[in-house]
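Commentary on secondary and tertiary structure
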Amino acid sequence: MASKTHMPAPVCLIENTEGQLKVNQEALRILSAITQPVVVVAIVGLYRTGKSYLMNKLAGKKKGFSLGSTVQAHTKGIWMWCVPHPKKPNQTLVLLDTEGLGDVVKGDPQNDSWIFALAILLSSTFVYNSVGTINQQAMNQLHYVTQLSNQIRAKSSHKTNQVEDSADFVSFFPDFVWTLRDFSLELEIDGDSISPDAYLENSLKLKQGASQKEKNFNHPRLCIRKFFPKKKCFIFDRPTYRKRLAELETLHDDELDSEFVQQVAEFCSDIFSSARTKALPGGIQVNGPRLKSLVLTYVTAISSGDLPCMENAVLALAQIENSAAVQKALAHYDQQMGQKVQLPTDTLQELLGLHRACEREAIEIFIKHSFKDVDQKFQKELAAQLEKKRDDIYKQNLKASSYRCSALLQDIFSPLEEEVKQGIYSKPGGYRLLVQKVQDLKKKYHEEPRKGLQAEEVLQKYLQFKEDMTNAILHTDQTLTEKEKEVEVERMKAESAEAAAKMLEEMQKKNQEMLEQKEKSYQEHIKQLTEKMADERAQLMEEQQRTLALKLKEQAELLREGSTDESRQLQNEIQSLRAGMKYPGGGCVIL
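Residues numbered from 1 in each chain as written. Predicted model: local features only at pLDDT ≥ 70, side-chain atom pairs only at ≥ 80, totals over all residues. Heavy atoms only, no water.

**Focus on the overall build of the protein chain**
Put simply, the rule reads: Numbering of helices and strands runs from the N terminus, with a helix taken as a DSSP run of H or I at least four residues long and a strand as a DSSP run of E at least two residues long. Taken over C-alpha atoms, the radius of gyration is set against a globule rule of 2.2 Å times the number of residues to the power 0.38. Using a 1.4 Å probe on the protein chains alone, a residue whose accessible area is under 20% of its type maximum counts as buried, one over 50% counts as exposed, and one in between counts as partly exposed. Residue contacts are defined here by distance: any two heavy atoms, one from each residue, within 4.5 Å place the two residues in contact. Per-residue accessibility takes into account occlusion by the displayed protein chains alone, with areas from the Shrake-Rupley method and a 1.4 Å probe.
The helix and strand tally for the protein chain stands at 18 helices and twelve strands. Computed over C-alpha atoms, the radius of gyration of the protein chain comes to 38 Å, more than 25% over the 25 Å expected from 2.2 N^0.38 for 591 residues, which places it beyond the range of a compact globule. Structurally, the protein chain occupies a C-alpha span of about 130 × 55 × 40 Å along its principal axes. Counting every position in the protein chain, which comprises 591 residues, the buried fraction comes to 47%. Considering only intrachain contacts with a sequence separation of at least 6, the fraction spanning at least 24 residues in the protein chain is 74%. Of the roughly 29,100 Å² of accessible surface on the protein chain, 51% is carried by carbon and sulfur atoms.

Below you can see the structure in the form of structure tokens.
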């Protein structure tokens, strides 16, 4: 999507009708057109907590997402607004506003859970919006986070224990932002002023004890800490007095509380600066079409009664993109060969040299646009298609050569054939005149450029076809003795045998060159695949190092709080992560 064009208003991305989720085709078409990487900010929270107002501010508009003005949840499903990123011109900002959770009229907690899970799966920054302070009631209202390991799968073969799974979730979960509306407390601990982030961290501290009460207190906090290592908090004063809240989207900034206006500006500025591009495990940046594929995969899984699975979604996306990458690579090969190759080529090496150059570029294009190519299925398909195209153009080259050589022979030898018909050589001494004339014409034929690989073979076939004519003139030439005629016949046989041996040698040479080219093609695939896998291993190691650092930081916090049991559980996960880093796998699979 070009930076100068954007959606004038939001559209529904995922419709929620009577508890059934359905993807809106218009929204998918919009996503299909966004070629830039996307920054996806999703907001969730209880109904009537002002989520839509913040999203409109991020869009740079006063109106857009519906605010509503009653105690009933106004937004249904998930709505989407794609706008140019205000600070990153090469990216598109995708805003997702979700229906309010906990609507008593709707009364469907399972549906709320899916909306919550989809917002997490689709976003790179996840904003949880609530009213008031972070107390136990606020934590209880955020109970959806404790169900995530039961709502979402990281891998198709998953473990059921959420603590063991949290490292897998961290690799693709968004950053967590908690926005607190109508916040009225002073931000301080023991008389010292603290930042909103420090307030959030302090609110997420665990209580010591093993009773059910402590477990209930700790469980949502532990989930937030483990699923979302990167967390931020923003507080907002009440924007205006209660009776004017219904007019919020029509009020100017000077009619709102000045602190609130400043707080909203800081929130937007931070999102614009810090919200990262949506990415899949392996550092794969998500653009509009990729986000579309994720939406379809997740909603289809939920609608069919399955759990949305990140690994399956990535593999489904990879199937689509890798298939497209093959076609893109083949199209480039065809275009380049069409521009560079002029048939017939003088030598096979000329043709194969051009093929190698275009093949190398085609492989580079495939490598650039493909990912998660399990067992190199699509690269093998590309290799087979390129080999077929090489063989096809080789045959076209032979055919073009044969056609040109036949046309040349017709032009060069047709006057001779006419002379033979007129009996010019059917006289004493005519045979030697014919032989000399044929030698002269062969020389003229050999001097013609760009005859291609079939030059000698087509010539020999032509001469063999005219042997009866030559023999007739030989045997009727009365100036030659029988002995001379026999010698001449043997000479012609020897010439023919020599030419046949030479053609056989040329054919064997061509076959050898084609075999060598096949090996070179294989080595080019291996070379580029090896480089790609090395880059992927480095990317994976970097992600694992980042996850490990976050886990170690969390473990240190737990120990500082005296939560030894939780620290011990986290240690098992850290050991598992370190073992995976020691033996990352991903060895090169032979094509």
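**As for the pattern of salt bridges**
The condition that has to hold: We count a salt bridge whenever a side-chain nitrogen from Lys or Arg sits within 4 Å of a carboxyl oxygen from Asp or Glu.
Across all of its chains, the model carries 28 salt bridges by this definition. With a closest N to O distance of 2.5 Å, glutamate 557 and arginine 560 form a salt bridge. Taken together, the residues span about one helical turn, with glutamate 557 and arginine 560 both in helix α17 (residues 482-560) at a distance of three residues. Given the relative accessible area of 60%, arginine 560 is considered exposed.

**Things to note about the pairing of strand β3 (residues 38-45)**
Put simply, the rule is: Two strands form a pair only when DSSP identifies at least two bridges running between them.
With respect to burial, β3 is a largely interior element, eight of its eight residues being buried. Every second residue of β3 is oriented toward a common face, with Val38, Val40, Ala42 and Val44 on one face and Val39, Val41, Ile43 and Gly45 on the other, all of them buried. Where β3 meets strand β5 (residues 92-98), six bridges bridge the pair, whose relative direction is parallel. The partner of valine 39 across the bridge, within β5, is leucine 93. Sheet topology note: the β3/strand β6 (residues 125-131) ladder contains five bridges and is parallel. The residue bridging alanine 42 from the neighbouring strand is phenylalanine 126, located in β6.

**Focus on the confidence of the model for the protein chain**
Note the following rule: Confidence of the predictor in every single residue is expressed as pLDDT, which spans 0 to 100.
A residue-level look at the protein chain finds 91% of positions with pLDDT of 70 or above and a mean pLDDT of 87. Every residue in residues 159-164 is under pLDDT 50, and counting partners more than four places away or in other chains gives eleven contacts.

**Some words on the sheet that holds strand β1 (residues 11-17)**
Counted only if it meets this: Helix axes use the C-alpha atoms of the stretch in contact, all axes being lines fitted to C-alpha atoms, and the angles between their N-to-C directions lie in the range 0 to 180 degrees.
Ordered by their spatial adjacency, eight strands build an open sheet running β2-β1-β4-β5-β3-β6-β7-β10, and the pairing between neighbours is mixed. Every other strand in the sheet has two partners, leaving β2 (20-23) and β10 (231-235) as the edge strands with one partner each. Between one strand and the next, the sheet's axes are offset by a mean angle of 20°, whatever the strand orientation. Most of the contacts of helix α2 (residues 51-58) go to β5, to which it runs at about 170°, and overall it touches β3, β4 (78-84), β5, β6 and β7 (175-181).

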